[in-house]
Amino acid sequence: SFSKYDKTVLLPRKRFIYHYNNMRWARGRHETYLCFVVKRRIGPDTLSFDFGHLRNRTGCHVELLFLRYLGALCPGLWGYGETKLTYSITWFCSWSPCADCSSKLAQFLRQTPNLRLRIFVSRLYFCDREDGLEREGLRMLKRAGVHITVMSYKDFFYCWQTFVACNQSRFKPWAELHRNSVRLARKLNRILQPCETEDLRDAFKLLGL
DNA sequence: ATTTTCAAT
């Protein structure tokens, strides 16, 4: 239930820096953090509705934990007719989702068209193999309408201001932040480019075959 | 050149 996480507690500075560091060899990050902002859409306007952060639990990746809390975070998401509300969620995750989470998220989002999701990630989780399931998972999310982006300086800066107990201290970027972000963004772009077989599938679909 | 990864002890 909602009370299981304390949304009033901000992330300690060191924890944020350690877990969101986008270094190439992120040794020992055996946890994943997810900072989120929930916005309710009313007509053309969006209103910030809630924010906070979550950490994975043993046996439950943080994305699926978030889905568990979704009903409490977005009242009216599953209403009928007039009572059905539209939400936009932006989350910032220290790792990109695994194949299983991507698949479950994509499936969930297809069933919930009144929910928009934007995902920022600090690092790419198991995305080295060309034919890896994690890569395909990210493409599935894209096809389900999710915008996935690698976090850049402005995103880390925003998270620092929003989710971290920064006590008005300014965000100090670590060495290589920008370089790593650019490298990972290029890698993600290559991953998200539809592969040849998908192009063919789309072409067949257009032709009605 | 190679290193890690929502742990497993």
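Before reading further, recall that the structure is shown in the block above.
All of the points below concern the structure found in this document. For clarity, every value in this text was computed on a predicted model and none was experimentally measured.

Turning next to the overall build of chain A. When helices and strands are counted, chain A shows seven helices and five strands. Secondary structure of chain A in N-to-C order comes out as α-β-β-α-β-α-β-α-β-α-α-α. Here chain A has a C-alpha radius of gyration of 18 Å; the compact-globule value for 209 residues is 17 Å, and the two agree. Counting only C-alpha atoms and orienting by the principal axes, one finds that chain A spans roughly 60 × 45 × 35 Å. In chain A, the share of contacts with a sequence separation of at least 24, taken over all contacts with a separation of at least 6, comes to 71%. A total of about 12,400 Å² of accessible surface is found on chain A, and carbon and sulfur atoms cover 54% of it.

Before going further, it helps to examine the environment of Arg190. Tracing the sequence through the fold places Arg190 in helix 6 (residues 177-192). Owing to a relative accessible area of 56%, Arg190 belongs among the exposed residues under this scheme. Each C-alpha atom of the pair Arg190 and Phe157 lies 26 Å from the other, and the pair is 33 residues apart in sequence.

Glancing now at the packing of aromatic side chains. The description of an aromatic ring pair uses the distance of the two centres, along with the angle that the planes make with each other. Applying the stated rule across the entire model yields 18 aromatic pairs. Ring centres of Phe171 and Trp174 lie 5.8 Å apart, and the angle between their planes is 90°; on these two criteria the pair is classed as edge-to-face. Trp174 carries the same exposure label as Phe171, and that label is buried. Cluster of aromatic residues (ring-pair linked, three or more members): Phe16, Tyr20, Tyr153, Phe156, Phe157, Trp160, Phe171 and Trp174. Its end group placed over the ring of Tyr18, Arg29 keeps NZ or CZ at 3.7 Å from the ring centre.

Our focus in this paragraph is helix 5 (residues 153-163). Where helix 5 is concerned, the buried positions are Asp155, Phe156, Cys159, Trp160 and Phe163. For helix 5, the arc enclosing every buried residue in end-on projection is 140°, short of the 170-degree limit, so these residues lie on one face.

Turning next to helix 3 (residues 99-111). Taking 1.5 Å of rise per residue, the 13 residues of helix 3 would be expected to cover 18 Å, and the 19 Å separating its terminal C-alpha atoms lies within 8% of that figure. Regarding helix 3, the residues found buried are Ala99, Cys101, Ser102, Leu105, Ala106, Phe108 and Leu109.

This paragraph deals with the pairing of strand 5 (residues 147-150). Of the two faces of strand 5, the one lined by Ile148 and Val150 is fully buried and the one lined by His147 and Thr149 carries no buried residue. When strand 4 (residues 115-123) meets strand 5, the two strands line up parallel, connected through four bridges. Across the sheet, residue Arg118 finds its bridge partner in strand 5, namely His147. Running through helix 4 (residues 133-143), the crossover from strand 4 to the neighbouring parallel element strand 5 is right-handed.

Surveying the vicinity of DNA strand B reveals 21 residues, the closest of which are Trp25, Gly28, Ser96, Tyr125 and Asp128. Among atoms of DNA strand B positioned within 4 Å of the protein, sugar and phosphate together represent 36%. Glu63 places a polar side-chain atom, nitrogen or oxygen, 3.0 Å from a base nitrogen of DNA strand B. Here a base nitrogen of DNA strand B and a backbone polar atom of Ser96 are 2.6 Å apart. When grouped by side-chain class, the residues that make up the surface near DNA strand B number nine nonpolar, six polar and six charged.

This part covers the packing of helix 2 (residues 62-73) against helix 3. In the contact formed by helix 2 and helix 3, the axes pass within 10 Å of each other and the chain directions differ by 30°. Between helix 2 and helix 3, the angle falls in the class roughly parallel. Across from Glu63, Leu64, Leu67 and Leu70 in helix 2, the residues of helix 3 making contact are Cys101, Lys104, Leu105 and Phe108.

In this section: the pairing of strand 1 (residues 33-42). For strand 1, a buried count of seven out of 10 residues is recorded, marking the element as mostly surrounded by other parts of the structure. Looking at chain direction, strand 1 and strand 2 (residues 45-55) are connected through 10 bridges and run antiparallel. Note on strand 2: the bridge partner recorded for Phe36 is Gly52. In this structure, the hairpin formed by strand 1 and strand 2 is closed by a connection of two residues, where Gly43 is found at a positive phi of approximately 60°.

The rules behind these values
- Starting afresh in each chain, residues are numbered from 1 along the sequence in its written order.
- Just so you know, chain letters begin at A and ligand numbers begin at 1, following the order they were written in.
- Under the rules for a predicted model, residues below a pLDDT of 70 receive no local features and side-chain atom pairs below 80 are neither given nor counted, while totals for whole chains, interfaces and linings still include all residues.
- For the side-chain quantities, the full set of heavy atoms in the structure was used; hydrogens and water were omitted.
- By definition, any uninterrupted DSSP run of H or I lasting at least four residues is a helix, any uninterrupted run of E lasting at least two residues is a strand, and each is numbered from the N terminus.
- The reference for a compact globule is 2.2 Å times residues^0.38; the radius of gyration itself is calculated from the C-alpha atoms.
- Whether two residues are in contact is decided by their heavy atoms, any of which lying within 4.5 Å being enough.
- What sets the accessible areas is the Shrake-Rupley method with a 1.4 Å probe; for residues, cover comes only from the shown protein chains.
- Accessibility here uses a 1.4 Å probe with only protein chains present; expressed as a share of the type maximum, an area under 20% marks a residue as buried, one over 50% as exposed, and anything in between as partly exposed.
- Pairing of aromatic rings covers Phe, Tyr and Trp, the last through its six-membered ring, and needs centres within 6.5 Å; plane angles under 30 degrees mean stacked, over 60 mean edge-to-face, and all others mean tilted.
- By definition here, charges over rings are those cases where NZ of Lys or CZ of Arg is within 6 Å of the ring centre and within 35 degrees of the ring normal.
- The arc in question is formed by the directions pointing from the helix axis toward the C-beta atoms.
- Take the number of residues in a helix, subtract one, and multiply by 1.5 Å to get its expected span.
- A pair of strands counts as paired when DSSP detects no fewer than two bridges linking them.
- Place the viewer so that the strands point away; then a crossover is right-handed whenever the path from the first strand over the helix to the second strand goes clockwise.
- Each residue is tested against the molecule or strand, and it is near if at least one of its non-hydrogen atoms lies within 4 Å.
- The term polar contact refers here to a pair of N or O atoms within 3.5 Å; inside protein, the definition further demands a hydrogen-donor-capable atom paired with an acceptor-capable atom, and it admits residues adjacent in sequence only when both atoms are side-chain atoms.
- Amino acid classes used here: Ala, Val, Leu, Ile, Met, Phe, Trp, Tyr, Cys and Pro are nonpolar; Asp, Glu, Lys and Arg are charged; the rest, including Gly, are polar.
- Here an angle of 0 to 180 degrees is reported between the N-to-C directions of two axes, which are lines fitted to C-alpha atoms, with helices fitted over the stretch in contact.
- Orientation categories follow fixed angle ranges, with anything under 35 degrees roughly parallel, anything over 145 roughly antiparallel, 65 to 115 roughly perpendicular, and all other angles oblique.

All we've got here are geometric facts, nothing functional implied.
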